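Chain by chain, the residues run as shown.
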Amino acid sequence: MKRIKISKLLKSNVPKDEVLIKGWVRTRRDSKGFSFIEVNDGSCLKNIQIVADSTLNNYQDVSRLSTGSAVVIAGKLVESTGPGQEWEVIAGRVEIVSLAPESYPLQKKRHTDEFLRTIAHLRPRTNKYGAAFRIRSELSFAIHKFFRDRDFKYIHSPIITGSDCEGAGELFKVTTLALGNPPKKDGKTDYSRDFFGKEANLTVSGQLSAEMFALALGDVYTFGPTFRAENSHTSRHVAEFWMVEPEMAFCDLEGNMDLAEEIIKYLTSYILDECIDDLELFAKFVDKSLMSTLENVASSDFRRLSYTAAVKILQKSGKKFEYDIAFGKDLQTEHERYLAEHHFKKPLIIFDYPKNIKPFYMRLNDDNQTVAAMDVLVPKIGEIIGGSQREERIEVLEKRMDEMGMPKDDYWWYLDSRRFGSVEHSGFGLGFERLLMLMTGISNIRDVIPFPRTPNSIEF
RNA sequence: UCCCCAGUAGCUCAGUUGGCAGAGCAAGUGGCUGUUAACCACUGGGUCCGCGGUUCGAGUCCGUGCUGGGGAGCCA
């Protein structure tokens, strides 16, 4: 007999004489002469209720099954005579694959997220984390589907890089040199004797690679891990996270914003359609307003306004902010939250930021003051996308790099793309985990990553 | 890196003015019942985060370190 997953079993329209289930015991309740066993196999949120009669030849052992034990059950699927579930399985055979001892840490009650983080290897066995990671899987698939349906090509950008890309944050060094005694030259570490012959780091962004491929394949995207060695202690930052980075040739900032809005709406609708059982758990136990938030994101047009207009709104708001608002200063978290959560109450896109607070590759606008940058802000999460139209004019780009004191030689290949068939092009970075926080209402980024990496924490 | 909060049973927490270490849940045992976070009874379970200090006496007060959490900065 072939094993059937519980997700499929529960969708059955008719009773079945023979089914084979493999999974883990969530709870057991004994009655006179038989036991109810709730079995979960991870395929969906719901358990299947097993009715195990005392006539089973190993009932003695079955009646001692503990939470977390692995079992194989052969039996028949019947309509449940009790309330609470549509189907149940009358067990003909219960094979105990392995018994979880009393030290099994997961109890039949709610645990705190902080405690579950200390047992991150077991937490996917809980309802909440099982649901979170099923949604993570679905969301990954939906991202590939979104791009494939629009004829984007998937690019694998390198994990180990020789340049620090955009100067975005602190880097993790990659080296095979002896830490205690590295070779020296003129008092400094001699990286010419390192594995790659020069300094190497873990990537902070696949953007520069993606730009090169956009100028060859047209529309491309990357979707992979990125690393930041920042000593951040917040619920929105981790050292290792995944980023989705589309890059489009022959595309200006407006087209870029169009795609950003389209993908957020598409993914939100997709999850609403495909993961409703899991979503309902979050709507019930994690964030009561989740459904209205998601429907708001999926259906409302994102408000677009320039940085200059945003600054004016903030100045006229009459609200006291901890940080000053003035043209040329970056918007702080409190400002972004005010705009997204109080003023507009829906997702918004802010564009045309002052050039002095943005990286070198963003395209200089005609006013010579601002660059064609855009950030997408959503309620509760804040910045979820950062992107720009890229500077395609080589003389403007080189001038900008000079102003910022960047070593142009290291970027010879990047500049080459502006020498040979340069065209206007745009792209953005979408924080995958932040998106997942939006979708689930989970408020700590550490709880949407299987094994999160944060300062001082790499246990698993 | 800065600011704030917390650390007591497996988990979640209480612990008064400095005076014998507590509850609920979980676990174990027994009972009961088509149960469903089942229910009832009993039992076991403690480096009160570490180190140092004050005191006749410290879970409690002081100093210090560590860990966790929240917020800020940085960003996705």
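All of the points below concern the structure found in this document. Throughout, a residue's number is its position along its own chain's written sequence, starting from 1. For naming, the first written chain is A and the first written ligand is 1, with later ones following in the order written. Given that this is a predicted model, residues contribute local features only at a pLDDT of at least 70 and side-chain atom pairs are listed and counted only at 80 or more, while totals for whole chains, interfaces and linings are drawn from all residues. To get the side-chain values, take all heavy atoms of the structure and skip hydrogens and water.

## Concerning the protein's contact with RNA strand B
1) Next: Near residues are defined by distance, with any heavy atom within 4 Å of the molecule or strand qualifying the residue. Around RNA strand B there are 50 residues in total, and Pro83, Glu88, Lys109, His237 and Arg434 lie nearest to it.
2) Next: Restricting attention to atoms of RNA strand B within 4 Å of the protein, one finds that 46% of them are sugar or phosphate atoms.
3) Next: Between N or O atoms, a polar contact is any pair within 3.5 Å; within protein, one atom must be a potential hydrogen donor and the other a potential acceptor, and residues adjacent in sequence are included only when both atoms are from side chains. Side-chain polar atom of Gln85 to a base oxygen of RNA strand B: 2.9 Å apart, as the coordinates give it.
4) Next: Residue His237 places a side-chain N or O atom 3.0 Å away from a base nitrogen belonging to RNA strand B.
5) Next: Secondary structure elements follow DSSP: runs of H or I of four or more residues count as helices, runs of E of two or more count as strands, with numbering from the N terminus. Among the elements that line the surface near RNA strand B, the one with the most residues is strand β1 (residues 16–31), at 4 residues.
6) Next: The residue makeup of the surface near RNA strand B, split by class, is 11 nonpolar, 22 polar and 17 charged. For this classification, the nonpolar set comprises Ala, Val, Leu, Ile, Met, Phe, Trp, Tyr, Cys and Pro, the charged set comprises Asp, Glu, Lys and Arg, and every other residue, Gly included, is treated as polar.

## Some words on the environment of Ala200
1) Next: Locating Ala200 in the fold gives a position in strand β11 (residues 200–202).
2) Next: Considered as a pair, Ala200 and Leu377 are 177 residues apart in the sequence and their alpha carbons are 33 Å apart.
3) Next: Contacts are residue-level and defined by heavy atoms, with any inter-residue pair within 4.5 Å sufficient. Those residues in contact with Ala200 that lie beyond four places of it in its chain are Ile160, Thr161, Phe172, Lys173 and Val174.

## Quick look at the sheet that holds strand β12 (residues 219–227)
1) Next: Strands qualify as paired when DSSP identifies two bridges or more between them. Read from one edge to the other, the open sheet built from 8 strands follows the order β6-β12-β13-β18-β17-β16-β15-β14, with strand pairing classed as mixed. Of all the strands in the sheet, the pair left with one neighbour each is β6 (153–154) and β14 (303–306).
2) Next: By the bridge criterion, 2 bridges tie β6 to β12 in an arrangement that is parallel. Across the sheet, the residue bridging to Tyr154 is Tyr221, located in β12.
3) Next: Fitted lines through C-alpha atoms give the axes, limited to the stretch in contact for helices. The angle between two N-to-C directions lies from 0 to 180 degrees. In the packing of helix α9 (residues 307–316) onto the sheet, the strands contacted are β14 and β15 (348–354), and the crossing angle to β14 comes to about 95°.

## Description of the sheet that holds β11
1) Next: Spatially, β7-β11-β8 is the arrangement adopted by the 3 strands of the open sheet, whose pairing is antiparallel. Either end of the sheet is taken by a strand with one partner, and the two such strands are β7 (160–161) and β8 (173–174).
2) Next: Alignment of β8 against β11, held across 2 bridges, turns out to be antiparallel. Within β11, the residue paired with Val174 across the bridge is Ala200.

## Some words on the pattern of salt bridges
1) Next: Salt bridges are identified by distance alone: a Lys or Arg side-chain nitrogen within 4 Å of an Asp or Glu carboxyl oxygen. In the structure shown here, the tally under the stated rule is 29 salt bridges.
2) Next: In this structure, Asp301 engages Lys265 in a salt bridge whose closest nitrogen and oxygen atoms are separated by 3.2 Å. Residue Asp301 is located in the loop between α8 (290–299) and β14, and its partner Lys265 is located in helix α6 (residues 253–274); the two are separated by 36 residues in the primary sequence.
3) Next: Owing to a relative accessible area of 52%, Asp301 belongs among the exposed residues under this scheme.
4) Next: Among the charged side chains, a network of salt bridges with common partners joins Asp258, Glu261, Lys265, Asp301 and Arg304. Three labels apply to residues, based on accessible area from a 1.4 Å probe with only protein chains included: buried if under 20% of the type maximum, exposed if over 50%, partly exposed otherwise in between.

## Here we look at the packing of helix α7 (residues 276–285) against α8
1) Next: Look at α7 against α8: their axes get within 8 Å of each other, and the N-to-C directions meet at 125°. Between α7 and α8, the interaxial angle falls into the category oblique. From α7, Ile276, Leu279, Glu280, Phe282 and Ala283 reach across to α8, where they touch Leu290, Met291 and Leu294.
2) Next: In terms of residue class, the contact of α7 with α8 is made up of 7 nonpolar, no polar and 1 charged. Roughly parallel refers to an angle under 35 degrees, roughly antiparallel to one over 145, roughly perpendicular to one between 65 and 115, and oblique to any angle outside these ranges.

## Here we look at a nonpolar patch on the surface
1) Next: The patches reported here contain residues having more than 30% relative accessible area and no salt bridge. Joining distances are 9 Å for like charges and 5 Å for nonpolar side chains (Val, Leu, Ile, Met, Phe, Trp, Tyr). Note on areas: Shrake-Rupley with a 1.4 Å probe; residue coverage comes only from the protein chains shown. Where nonpolar side chains cluster on the molecular surface, the patch consists of Ile159, Ile160, Phe195 and Phe196 and spans about 400 Å² of accessible area.
2) Next: Tracing the chain through its elements places Phe195 in the loop between β10 (188–189) and β11.
3) Next: Owing to a relative accessible area of 60%, Phe195 belongs among the exposed residues under this scheme.

## A short note on the packing of aromatic side chains
Each aromatic ring pair is described using two quantities: the centre-to-centre distance and the angle formed by the ring planes.
1) Next: Only rings of Phe, Tyr and Trp enter the pairing, Trp through its six-membered ring, and a pair is recorded when the two centres are within 6.5 Å. The plane angle decides the type: under 30 degrees is stacked, over 60 is edge-to-face, the rest tilted. Within this structure, the stated rule accounts for 19 aromatic pairs.
2) Next: Measuring from centroid to centroid gives 5.2 Å for Phe146 and Phe147, while their planes differ by 80°, and the two rings are edge-to-face.
3) Next: A relative accessible area of 0% places Phe147 in the buried class.
4) Next: Between the aromatic rings of Phe360 and Tyr414, the centroid separation amounts to 5.9 Å while the plane-to-plane angle is 70°, which identifies the pairing as edge-to-face. Remark: Tyr414 occurs in helix α12 (residues 412–419) and Phe360 occurs in the loop between β15 and β16 (370–378); sequence separation between them is 54 residues.
5) Next: Across from the ring centre of Tyr353, 4.3 Å away, lies the NZ or CZ of Lys358, which sits over that ring.
6) Next: Only Lys NZ and Arg CZ are tested; either one counts as a charge over a ring when it is within 6 Å of the ring centre and within 35 degrees of the ring normal. A cation sits over an aromatic face here: Arg418 above Tyr414, 4.3 Å from the ring centre.

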